[in-house]
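Analysis of the macromolecular model
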Amino acid sequence: MSCGPVCTNLGLKPGQRLTVKGKIAPNAKSFVMNLGKDATLLGLHFNPRFDAHGDVNTIVCNSKKVEEWGTEHRETVFPFQKGGTAEITFSVNQNDVTVHVPGHQFTFPNRLNLPVFDYFDTQGDFTLQSLSWE
């Protein structure tokens, strides 16, 4: 899976949010956005899958502590289109992260109890166009 930009020292704390905008490849299979302490401690692995790993038009979320993945969480609302644009906002709360996708939102627990999210990266069939946080 191709890797896009990597951001460190973000300092996202409860009450703050990160908004990601970009373009999805016309032949996309899946893409990933990771938020965490660093590349080994991922509080949120956000993985929209058009057709990958046995999933079709499903958003799969998980957490990862070193090499140990948690239990996958699946969202069947899938607002993404191949060749389209995407805007995703991650709102950091005390005990979870609220994920805002077009027309839908859901929460994912902060399983690692991270007090701050310093790390963000994108991978796969997605080209990052803008990143903003407040």
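Residues numbered from 1 in each chain as written. Predicted model: local features only at pLDDT ≥ 70, side-chain atom pairs only at ≥ 80, totals over all residues. Heavy atoms only, no water.

What follows is about the nonpolar core. Phe46, Phe80, Ile88 and Phe90 are the most contacted members of the largest nonpolar core, which has 30 residues in total. Contributing elements (two or more residues each) for this core: strand S2 (17–24), strand S3 (31–36), strand S4 (41–52), strand S5 (55–65), strand S8 (85–92), strand S9 (96–101) and strand S10 (104–109). With four residues, S8 is the single largest residue contributor to this core. (Core = buried A, V, L, I, M, F, W, Y, C linked by side-chain atoms within 4.5 Å. Buried < 20%, exposed > 50% of the residue type's maximum accessible area, 1.4 Å probe, protein only. Helix = DSSP H or I, 4+ residues; strand = E, 2+ residues; numbered from the N terminus.)

Moving on, we get to the pattern of salt bridges. Pairing between side chains becomes possible if they bear opposite charge and their charged atoms approach one another. Under the criterion given, the structure shown has six salt bridges. The shortest N-O distance in the salt bridge between Glu134 and Arg17 comes to 3.2 Å. Taken together, the positions of Glu134 in the segment after strand S12 (126–133) and Arg17 in strand S2 put the pair 117 residues apart, joining distant regions of the chain. Here Arg49 makes a salt bridge to Glu72, at a shortest N to O gap of 3.8 Å. Linking Arg49 in strand S4 with Glu72 in the loop between strand S6 (68–69) and strand S7 (73–75), this pair joins segments that are 23 residues apart in sequence. When its relative accessible area of 7% is taken as the criterion, Arg49 is described as buried. In this structure Glu72 comes out as partly exposed when scored by relative accessible area, which is 37%. (Salt bridge = Lys/Arg side-chain N within 4 Å of Asp/Glu carboxyl O.)

Looking at where Ser91 falls in the secondary structure, it is placed in strand S8. The class for Ser91 is buried, based on a relative accessible area of 13%. A polar side-chain atom of Ser91 sits 3.2 Å from a polar atom in the side chain of His100. With residues up to four places along the chain from it excluded, the contact list for Ser91 reads Gln16, Arg17, Asp96, Val97, Thr98 and His100. (Polar contact = N/O pair within 3.5 Å; in protein donor to acceptor, adjacent residues only side chain to side chain. Contact = heavy atoms within 4.5 Å.)

Per the UniProt entry, the sites bearing "domain: Galectin" (unreviewed entry) are residues 4–134 in this numbering. The span residues 4–134 carries 0% helix and 61% strand; its end-to-end C-alpha distance comes to 22 Å. (UniProt positions renumbered as here; feature names shortened; annotations may be inferred.)

What follows deals with the pairing of strand S11 (residues 119–124). The buried count for S11 comes to five of six residues, which makes it a mostly enclosed element. Taken together, the three bridges between strand S1 (residues 3–7) and S11 define a ladder with antiparallel strand orientation. Pairing of Cys7 across the sheet is with Phe120, part of S11. Where S3 meets S11, six bridges bridge the pair, whose relative direction is antiparallel. If you follow Gly36 over to S11, its bridge partner there is Tyr119. (Pairing = 2+ DSSP bridges.)

Quick look at the packing of aromatic side chains now. For the structure on display, the rule yields six aromatic pairs. The interplanar angle of 90° and the centroid separation of 5.0 Å between the aromatic rings of Phe50 and Phe78 together place this pair among those described as edge-to-face. With Phe50 in strand S4 and Phe78 in the loop between S7 and S8, this residue pair connects regions lying 28 residues apart in the sequence. Given a relative accessible area of 5%, Phe50 falls into the buried group. The rings of Phe31, Phe46, Phe50, Phe78, Phe80, Phe90 and Phe126 are connected pair by pair, giving a single aromatic cluster. (Phe/Tyr/Trp six-rings, centres within 6.5 Å; stacked < 30°, edge-to-face > 60°.)

The next thing to look at is the environment of Val77. Mapped onto the elements of the fold, Val77 is located in the loop between S7 and S8. As a C-alpha pair, Val77 and His104 span 27 residues in sequence and 7.3 Å in three-dimensional space. Not counting residues up to four positions away in its chain, the partners in contact with Val77 are Ile59 and His104.

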